[in-house]
Structures are given as structure tokens and as C-alpha cells.
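Listed below, chain by chain, are the residues.
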Amino acid sequence: MRTFVPPMHLLSKSTYLRGKQCPKALWLYKHRPELRPPLSAGTQAIFDSGTEVGLLAQQRFPGGVDCTPEHHTTIMHRPWRPRKRPWPMVRR
């Protein structure tokens, strides 16, 4: 059985795009976070509402998979299997 070894630095989609646009900006973002400008009140409000939605989702769907970056390696170790849904699939 092979063991998954996570890479040293995982990149989100937005962080990857930052590096595509400017490699120096990516390096600074990952290695010198203290140099980042403070978040604006509007950006912080967006993050706070996202956190609130996540907490509500955890209450609504207990036993769900946590996909926050600090849990990525745990998710990758899980064997995939289809799950039975207690509700019908909605298609648009």
C-alpha cells in the first residue's frame, strides 16, 4: 500500500493564480504573511458570512466532510464510496 505524502505547500486556486500573475507576489504571500495589508471591513464581512454559512452547513449536515485547507490531507486518505442520500437528487 502506498502512503500519500502531502506537498510542502498546498495552493488554493486563487493563490495559484496569484503566482501565475506574479511569482514574486506568490513567494511573499506564502513566506512573508506579516507583510500583507490588513483586510478591509468589506472583505472581512464577506469572510465572516462565509464562516457563518459553513457553521450552519455543519449543523444541517452532521457527519459531512470538512474541506477546509487544514483537512485536505485527511480527505485525500479517505476511500471514496458513493453515499446514500436521504433526499432526492435535484437536477436543473
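Our structure's up above, just so we're on the same page.
Predicted, not measured: the structure shown is a model, and the values here were computed from it.

(A) Up close: the overall build of the protein. Within the protein one finds four helices and zero strands. Listed N to C, the secondary structure of the protein is α-α-α-α in terms of helices and strands. Going through the 92 residues of the protein one by one, you find that 3% of them count as buried. About 9100 Å² of surface is accessible on the protein, with carbon and sulfur atoms providing 61% of the total.

(B) Focus on the pattern of salt bridges. Tallying each qualifying case throughout the model produces one salt bridge. In this structure, Glu34 engages Arg32 in a salt bridge whose closest nitrogen and oxygen atoms are separated by 2.5 Å.

(C) Layout of a nonpolar patch on the surface. On the surface, Leu11, Tyr16 and Leu17 cluster together into a nonpolar patch covering about 290 Å² of accessible area. By the element assignment, Tyr16 lies in helix α1 (residues 13-21). The partly exposed category is assigned to Tyr16, whose relative accessible area is 45%.

(D) Quick peek at the side chain of Thr15. Inspection of the secondary structure puts Thr15 in helix α1. Setting aside its immediate chain neighbours within four residues, Thr15 contacts Leu26, Tyr29 and Lys30.

(E) How the structure looks around the packing of aromatic side chains. Under the definition given, this model contains zero aromatic pairs. For the cation-ring pair, Arg18 lies above Tyr29, with the distance from its terminal atom to the ring centre recorded as 3.9 Å. Between the NZ or CZ atom of Arg36 and the centre of the ring of Tyr29, over which it lies, the distance is 3.8 Å.

(F) Here's a closer look at the packing of α1 against helix α2 (residues 23-31). Axis separation between α1 and α2 bottoms out at 5 Å; the angle between their running directions is 135 degrees. Between α1 and α2, the crossing angle belongs to the class labelled oblique. Taken together, the residues of α2 that come into contact with α1 (itself represented by Thr15, Arg18, Gly19 and Gln21) are Pro23, Ala25, Leu26, Tyr29 and Lys30. Taken together, the residues that form the contact of α1 with α2 break down as four nonpolar, three polar and two charged.

Thresholds applied
Residues numbered from 1 in each chain as written. Predicted model: local features only at pLDDT ≥ 70, side-chain atom pairs only at ≥ 80, totals over all residues. Heavy atoms only, no water. Helix = DSSP H or I, 4+ residues; strand = E, 2+ residues; numbered from the N terminus. Buried < 20%, exposed > 50% of the residue type's maximum accessible area, 1.4 Å probe, protein only. Areas by Shrake-Rupley, 256 points an atom, 1.4 Å probe, with all protein chains shown as cover. Salt bridge = Lys/Arg side-chain N within 4 Å of Asp/Glu carboxyl O. Patch = residues over 30% accessible without salt bridge, like charges linked within 9 Å, V, L, I, M, F, W, Y side chains within 5 Å. Contact = heavy atoms within 4.5 Å. Phe/Tyr/Trp six-rings, centres within 6.5 Å; stacked < 30°, edge-to-face > 60°. Lys NZ or Arg CZ within 6 Å of the ring centre and 35° of its normal. Axes fitted to C-alpha atoms, helices over the stretch in contact; angles between N-to-C directions. Parallel < 35°, antiparallel > 145°, perpendicular 65-115°, else oblique. Nonpolar A, V, L, I, M, F, W, Y, C, P; charged D, E, K, R; others polar.

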